[in-house]
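Each chain, letter by letter, is given below.
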Amino acid sequence: MASFTQSRLLPRSFSSLAWSNLAAQSAEQLSLAAAPLIAVLALGAGPGEVGMLAAMQTLPFLLLSLPLGVLADRLPRRRLMLWSEGLRLSSLLAMLLALLCSTLTIGWLAVLGFVGAVGTVGFSVAAPGLVSSLVAREALASANARLELARSAAFAAGPAVAGALVASADASAAFVLAAILSAAAIGLLLRLAGPAASSVSTPRRHPLREVAEGALFVWRDTLLRPIMITGVIFNLSWFALQAAYVPYAIRTLGLGAGAVGATLALYGAGMIVGALATARVVAWLPLGRAIQVGPIAGVFAAASLAATLVLPSTWLAALCFFLLGAGPMIWTITTTTLRQSMTPDGLLGRVSSVFLTANAGARPIGAALGGLVGAGWGESACLLVALVGFILQAMVILGSPVASLRGLPAAATS
């Protein structure tokens, strides 16, 4: 049985991938945090427009995860990641140029955010397969924790840096730094040594048949299905909350750009704590209970932010984002390693793309829902809708067979 606590020596080639992932994630988080701040402070956007912007920035996950997942199994994965990061860099440079020329609008911000997100999807669907080709199967848990820790650092630093740059410097500085980091990610990928194509040789069939096979595998499994459903509801609720938070924090809680960035940064800080604590949590709790930590933390997080409706407090808002980082990070590491252990090698790419589509694809729907609720009934209603959603996703996983897991199942065979 695979162990979460066993330390593994990861190959040097994996280090290049991990650093490239850190740079790419940092570039993404800087731009994602800067965009709504600039939209609200410089372009006068309201919750409806912020929700539309968030929806456009996440829509490619819904539209393109599955086809890019099939492509990731057919092309050298490093090449796909290079093309994808190059697309993100191009979108960042275009945003920077429009901002410097004073031609940036909400519409252009949304379109370029969409283009950059296409690059994010391509990078994301190719990375897990590349990890599997660089790292021995028994070391996957260690590799996943390492990648998630790097992603956590990006989430921690990105919003804080973006908020500080927008508040104290020219807004273009955030996009300059994001572009530099994106270029660094490309450079690190170019240095990457090791296999870059799928290690599993399978006959090519119609893409829809390949996608359907991965989707049916997930849906028919009594453990993977509730995990996927929980993730969908979580992301719907999370992005509905995000759509309302920036205008709510500025207009109701009275926070400035720097304070908004600082509260959002605690999401990344929570992710770091969660990534570092996962091994101990799994050693202390049965695996099934450890998996449930994330959904339960989501309920407490949404409740703390909803409490600011009657007790306005920056600290309650900060607690919300810290809990949304820490608990779900434990969820991400444990469920990813569980999925890798349960899934035959020949299905890993497609199963990963199914989960990416379901989880990340729910985000534009949640953002659009948050925007509609916020525009129609105000940000306060949006926070309450999000709380209901977080309660529902916790009920799904708490009532599922996942609770019976004591540890990782035996490795799947093709």
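Residues numbered from 1 in each chain as written. Predicted model: local features only at pLDDT ≥ 70, side-chain atom pairs only at ≥ 80, totals over all residues. Heavy atoms only, no water.

Peer 1: I would appreciate a short explanation of unusual backbone geometry in the present structure.
Peer 2: Leaving glycine out, the prevailing phi sign among residues is negative, and the prevailing peptide bond configuration is trans. Of note, serine 102 is a non-glycine position whose phi angle comes to about 60°, a positive value. Summarising the element assignment, serine 102 is placed in the loop between α3 (77–100) and α4 (106–134). (Helix = DSSP H or I, 4+ residues; strand = E, 2+ residues; numbered from the N terminus.)

Peer 1: Help me out: how do you make sense of the confidence of the model for the protein in this one?
Peer 2: Low-pLDDT portions of the prediction should not be read for the details of their coordinates. Summary statistics for the protein give a mean pLDDT of 82 and a share of 90% for residues scoring 70 or more. Confidence, expressed as mean pLDDT per element, reaches its minimum in the protein at helix α5 (residues 140–168) with 76 and its maximum at helix α10 (residues 287–306) with 92. (pLDDT = per-residue confidence, 0-100.)

Peer 1: Just to check I follow, could you spell out the environment of proline 159 for this structure?
Peer 2: Turning to its location among the elements, proline 159 is positioned in helix α5. Sequence separation of proline 159 and valine 260 is 101 residues, and the distance between their C-alpha atoms is 8.4 Å. Excluding residues that lie within four positions of it along the chain, proline 159 makes contacts with Ala33, Ala154, Gly261, Leu264 and Ala265. (Contact = heavy atoms within 4.5 Å.)

Peer 1: In this structure, what is going on with the nonpolar core? I would like to understand it.
Peer 2: Taken as a class, soluble globular proteins show a tendency for nonpolar side chains to be buried jointly. Of all hydrophobic cores here, the largest spans 95 residues; its most connected members are Phe14, Leu17, Trp238, Leu241 and Tyr245. The element that contributes the greatest number of residues to this core is helix α1 (residues 12–41), accounting for 14 residues. Not counting residues within four places of it along the chain, the set of residues in contact with tryptophan 238 comprises Tyr267, Phe321, Leu324 and Phe390. Formed by 18 residues, the second largest nonpolar core is a distinct cluster that contains Leu223, Leu224, Met228 and Trp331. (Core = buried A, V, L, I, M, F, W, Y, C linked by side-chain atoms within 4.5 Å. Buried < 20%, exposed > 50% of the residue type's maximum accessible area, 1.4 Å probe, protein only.)

Peer 1: Would you take a moment to explain helix α6 (residues 172–190) for this structure?
Peer 2: In this model, α6 (19 residues) spans 28 Å end to end at C-alpha, consistent with the 27 Å of a helix rising 1.5 Å per residue. Turning to α6, its buried residues number three or more, namely Ser172, Ala174, Phe175, Ala178, Ala179, Ser182, Ala185, Ile186, Leu188 and Leu189. (Expected span 1.5 Å × (residues − 1).)

Peer 1: Looking at this structure, I do not really get the environment of leucine 266. What am I missing?
Peer 2: Its location among the elements puts leucine 266 in helix α9 (residues 257–284). Residue classification places leucine 266 among the partly exposed residues on the basis of a relative accessible area of 29%. C-alpha separation for the pair leucine 266 and leucine 323, spaced 57 residues apart in sequence, amounts to 8.6 Å. For leucine 266, the contacting residues outside a window of four places in its chain are Ala318, Phe321 and Phe322.

Peer 1: Can you walk me through the environment of leucine 30 in this structure?
Peer 2: Topologically, leucine 30 is positioned in helix α1. The class of leucine 30 is buried, set by a relative accessible area of 3%. In this structure, the C-alpha to C-alpha distance between leucine 30 and alanine 160, residues 130 residues apart in sequence, is 8.7 Å. Those residues in contact with leucine 30 that sit more than four places away from it in its chain are Gly158, Val161, Ala162, Ala174, Leu177, Ala178 and Leu181.

Peer 1: When you look at a nonpolar patch on the surface in this model, what are you seeing that I'm missing?
Peer 2: On the surface, a cluster of nonpolar side chains totalling about 280 Å² of accessible area is made up of Val161, Val176, Leu177 and Ile180. It is α6 that contributes the most residues to the nonpolar patch, three residues altogether. Looking at the secondary structure, you find leucine 177 in helix α6. (Patch = residues over 30% accessible without salt bridge, like charges linked within 9 Å, V, L, I, M, F, W, Y side chains within 5 Å. Areas by Shrake-Rupley, 256 points an atom, 1.4 Å probe, with all protein chains shown as cover. Salt bridge = Lys/Arg side-chain N within 4 Å of Asp/Glu carboxyl O.)

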